[in-house]
Amino acid sequence: MAEGVITLTIDGVPVSVPPGTLVIEAAKQAGVLVPHYCYHPGLEVAGVCRMCLVEIEKAPKLQIACATTVTEGMVVKTQTVQAKDARQGVLEFLLINHPLDCPICDQAGECELQDFVFQEGRAATRYGEFAKRFNPVEDFGPDILYVPNRCILCTRCVRFMEDLAREPVLNVSERGDRAFVGIHPDARLDHPWAGNVVDLCPVGSLLSKDFLHKARAWELDKTPSICTGCSQGCNISLDTREEVVVRVRPRSNLEVNQYFICDHGRMHYPWMNRGDRIEAPLVKHNGELRATDWEEAFDRVVTILRGAAGGGKAVAIVSPGASSEALALVKRLLSGFDWKGAFQVVMGDEAPLPGVPNLALRAERVPNAKGAERLGYTRDYAAALAAAATASVVFVLDDPDCGVQTAGALIYAGTVLPAESTCRNADVVLPIANVAEEEGTFVNRDGREQRYFPAKPAPGMAQPAAWVFGELVAAMGLAEAQR
Ligand code: FES
C-alpha cells in the first residue's frame, strides 16, 4: 500500500486515490460515471436526491456514492441488480412530476434526467394520476427563468447562492410533492455570479433568457477559450451555432475559476459576431484607402519600415486583448527602431465570488495586460500617444478608438474601422481575426499562460494578428532576431 493512498476496486477496476476521496470521484478515475443529481464537485455535499446509490461490499444496505468516503480495500459495485433497481426507482419517482416537454426544452440534449433515464430508466411509467403543476415559468432575475414543473429539487442552485455567492435568496419552499425552489419575495437573482445556477441545474428548470430557444444542444460546436472580460482568465467554452457564438459557458479549471464564470464574462460575447468588420487589407492611394490583397499590403508596410529604419522612432499602441504571440511579433517587427509600446486598461468594479478563494470579476477588464507588460509594453498610454505625434512609424493593434495622431506613417491592424476613428488616416489597414477566430495565449493576473482556440472563421480576408505580424517579420528578414 503506497503511503497516503487508498486502494479500492470499482466495478472490478482497481483505483488508488487520496484518503478522504468520495466514492463518486474515485469512480470517475475508474472510468465509471455514477448517475447523480444533487452532487456537484464545486458544491457542498447534500445527499438529497438518492440517485447515486451503489452497492458496497460488507455494507448492510446500498450507499450513496456522493457522501461515502473511500476506505482501504473497499469493493464498490454500481451495476448490481439491487443498485440498478434502486436508481430506476428514483428515476421513476422523478418522472411522476417531470413534464415530458423535452421537444421545447432548452436543456434537451444536455439534460442529466434525459441521459440517466435513457441509460437506465424504466421504459414506461406505472403512475396513473395527474402530475403536479405549478406556474409554467417564473422570472427569477435579469437573465434567469425558473420552470418549477421541471425542477427535481436537487438544491444545487440553493446551495450555490447560499455557500458560494453568500446571498441566500433561494430556498426549498413547501414540502413533499408541493415542494419547489422559492425566491425571497423582495429579492432578485441578480448577483454578479448568479448565472452559474443555470449551468448547475441538471435539468431545464433554470434557463438563461439570453440563450432561450437560440439553439438545440446538438447543434452547438464547443471550443475551449479564455474569457476576455477581465484579467482573471476564467476558462470558458465558446458555443457556436453555424459560425455564430451563441453562448459562453465555464470550463472547469480548479486553479483559476473552478467550475464558474461571472455574468459579465458570460455576456461578453455579442461583439465577437459583429458584422461591420474589415474584410480586406486597405492601402492608401492618393489620400484614399483602397481594398487590395495581402501581398501589396505587406509590400507597403515593408517599404514604410525600411524607409523609416535606422535610428527612427516607432510607437506601438496595442490592445491588451491581443494575444501574447501578436504582441511579441509587433515588438520584434520594431526591433530596429527606438520604440515605445503601450496599452490602455478599462477599469470597472471588482465582484468576488465569496465562497471561492481568489476568484472574482477583476477591476481590470482586459485579459492580457500582464502578457503585454511581460513583453515590455507599458501602461503609459498618454505618453505613447504623445510620442506617436513625432514618431516616424506608428503601429496601432486593434485599438481603433485611441485617437492617435502622427506626422509619420500609420499602420493599423484591427477588426473594425469606425467612421470617427483616426485610424482611417492610416497608410495601411490590416484586417485581423478576433479572439473567437484565432489561436493564441493570454497571461492572466496571476501570471498563468493560457491558450485559446478558434471557434469560427474570420470574415473575408481577415487573418490572425500573429500570422499578419509573423509574415511581416519574415518579410523584413527579422525572423531570427532576439525577442
Ligand atoms: S448525487 Fe448522491 S444523493 Fe444526490
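Bear in mind the structure is a predicted one, so any value in this text is a computation, not a measurement. (Residues numbered from 1 in each chain as written. Predicted model: local features only at pLDDT ≥ 70, side-chain atom pairs only at ≥ 80, totals over all residues. Heavy atoms only, no water.)

**Q** Mind showing me how you'd approach the overall build of the protein chain here?
**A** The number of helices and strands found in the protein chain is 11 helices and 24 strands. For the protein chain, with 483 residues in total, the buried portion stands at 53%. In the protein chain, the proportion of contacts linking residues at least 24 apart, taken out of those at least 6 apart, comes to 62%. Surface exposure of the protein chain reaches about 21,500 Å², of which carbon and sulfur atoms provide 51%. Of the charged side chains in the protein chain, 48 are positive and 61 negative; the average position of the first set lies 2 Å away from that of the second. (Helix = DSSP H or I, 4+ residues; strand = E, 2+ residues; numbered from the N terminus. Buried < 20%, exposed > 50% of the residue type's maximum accessible area, 1.4 Å probe, protein only. Contact = heavy atoms within 4.5 Å. Areas by Shrake-Rupley, 256 points an atom, 1.4 Å probe, with all protein chains shown as cover. Lys, Arg positive; Asp, Glu negative; His and termini not counted. Charge placed at Lys NZ, Arg CZ, Asp CG, Glu CD.)

**Q** Would you mind going over the sheet that holds strand 11 (residues 221-226) with me for this structure?
**A** Sheet strands line up and pair through hydrogen bonds in the backbone, either parallel or antiparallel. Read from one edge to the other, the open sheet built from three strands follows the order 11-12-13, with strand pairing classed as antiparallel. Of all strands in the sheet, those bounded by a partner on one side alone are strand 11 and strand 13 (244-250). In this sheet, neighbouring strand axes are inclined to one another by 30 degrees on average, regardless of whether the strands run parallel or antiparallel. (Pairing = 2+ DSSP bridges. Axes fitted to C-alpha atoms, helices over the stretch in contact; angles between N-to-C directions.)

**Q** So what exactly am I meant to see when it comes to the environment of cysteine 234 here?
**A** Inspection of the secondary structure puts cysteine 234 in the loop between strand 11 and strand 12 (235-241). It is 8.8 Å that separates the C-alpha atoms of cysteine 234 and asparagine 444, two residues lying 210 residues apart in sequence.

**Q** Mind showing me how you'd approach the packing of aromatic side chains here?
**A** Think of a pair of aromatic rings as described by two things: how far the centres are apart, and how the planes are tilted against each other in angle. Under the counting rule described, the total for this entry stands at 11 aromatic pairs. Taken together, the aromatic side chains of Phe160, Tyr259 and Phe260 make up a single cluster linked through ring pairs. The lysine or arginine in question, arginine 247, covers the ring of phenylalanine 211, its NZ or CZ lying 4.4 Å from the ring centre. (Phe/Tyr/Trp six-rings, centres within 6.5 Å; stacked < 30°, edge-to-face > 60°. Lys NZ or Arg CZ within 6 Å of the ring centre and 35° of its normal.)

**Q** Hey, could you run me through unusual backbone geometry in this one?
**A** Across the chain, the bulk of peptide bonds are trans and the bulk of non-glycine residues have phi less than zero. Of note in this structure, aspartate 11 is not a glycine but carries a positive phi near 50 degrees. Relative to the helices and strands, aspartate 11 resides in the loop between strand 1 (6-10) and strand 2 (13-17). For lysine 58, which is not a glycine, the phi torsion comes out positive at approximately 80 degrees.

**Q** Got a minute to help me understand the pattern of salt bridges in this structure?
**A** Applying the stated criterion to the full structure yields 30 salt bridges. We note a salt bridge from glutamate 255 to arginine 448, for which the minimum N-O separation is 3.9 Å. Of the two residues, glutamate 255 sits in the loop between strand 13 and helix 6 (263-266) while arginine 448 sits in the loop between strand 23 (440-443) and strand 24 (449-452), which places them 193 residues apart along the sequence. For glutamate 255, a relative accessible area of 57% translates into the label exposed. What you see here is one network of salt bridges that share partners, running through Glu110, Asp199, Lys222, Asp239, Arg247, Arg249, Asp263 and Arg266. (Salt bridge = Lys/Arg side-chain N within 4 Å of Asp/Glu carboxyl O.)

**Q** Would you take a moment to explain empty space enclosed by the protein for this structure?
**A** Leftover empty space is mapped by rolling, across the atoms, a probe with the size of a water molecule. Applying the stated criterion to the full structure yields three cavities of 30 Å³ or more. Taken as a whole, the largest cavity spans an internal volume of roughly 160 Å³. Surrounding the largest cavity, 17 residues form its lining, Val198, Ser208, Phe211, Arg247 and Arg249 being those nearest its centre. In terms of residue count, strand 13 provides more of the lining of the largest cavity than any other element does, four residues in total. Across the lining of the largest cavity, the residue classes break down as seven nonpolar, two polar and eight charged. There is about 90 Å³ of room inside the second largest cavity. Those elements giving two or more residues to the lining of the second largest cavity turn out to be helix 4 (156-164) and helix 5 (196-200). Split by residue class, the lining of the second largest cavity holds 13 nonpolar, two polar and one charged. (1 Å grid on protein atoms, 1.4 Å probe; cavity = no way out; pocket = protein on both sides within 12 Å on 5 of 7 lines; lining within 4 Å. Points joined across faces, edges and corners; volume = space filled by probe spheres on them. Nonpolar A, V, L, I, M, F, W, Y, C, P; charged D, E, K, R; others polar.)

**Q** Can you walk me through the side chain of histidine 40 in this structure?
**A** Its place among the elements puts histidine 40 in the loop between helix 1 (23-29) and strand 3 (53-56). Histidine 40 gets classed as buried once you look at its relative accessible area, which sits at 13%. If near-sequence neighbours (up to four positions away) are discounted, histidine 40 is found in contact with Arg156, Leu200 and Tyr259.

**Q** Sorry if this is basic, but what is going on with the environment of proline 354 here?
**A** With respect to the element layout, proline 354 can be found in the loop between strand 18 (351-352) and strand 19 (360-361). When its relative accessible area of 38% is taken as the criterion, proline 354 is described as partly exposed. With 38 residues separating them along the chain, proline 354 and serine 392 place their C-alpha atoms 50 Å apart. Setting aside anything within four residues of it in sequence, one finds proline 354 in contact with Leu164, Ala165, Arg166 and His191.

**Q** Would you take a moment to explain the sheet that holds strand 7 (residues 144-146) for this structure?
**A** Spatial ordering of the open sheet is given by 6-7-10, a layout of three strands whose pairing is antiparallel. In this open sheet, the two edge strands, each paired with only one partner strand, are strand 6 (138-141) and strand 10 (206-208). Within the sheet, the average angular offset between the axes of one strand and its neighbour, ignoring direction, is 35 degrees. Relative to strand 10, strand 7 runs antiparallel, the two being bridged by three bridges. Bridge assignment links leucine 145 to a residue of strand 10, and that residue is leucine 207.

**Q** Explanation requested: the side chain of serine 237 in the structure shown.
**A** Considering the arrangement of structural elements, one finds serine 237 in strand 12. Serine 237 sits in the buried class, given a relative accessible area of 9%. In this structure the side chain of serine 237 is engaged in a polar contact, spanning 2.7 Å, whose partner is the side chain of aspartate 239. With near-sequence residues (within four places) excluded, serine 237 lies in contact with Lys222, Thr223, Arg247, Val248, Arg249 and Arg251. (Polar contact = N/O pair within 3.5 Å; in protein donor to acceptor, adjacent residues only side chain to side chain.)

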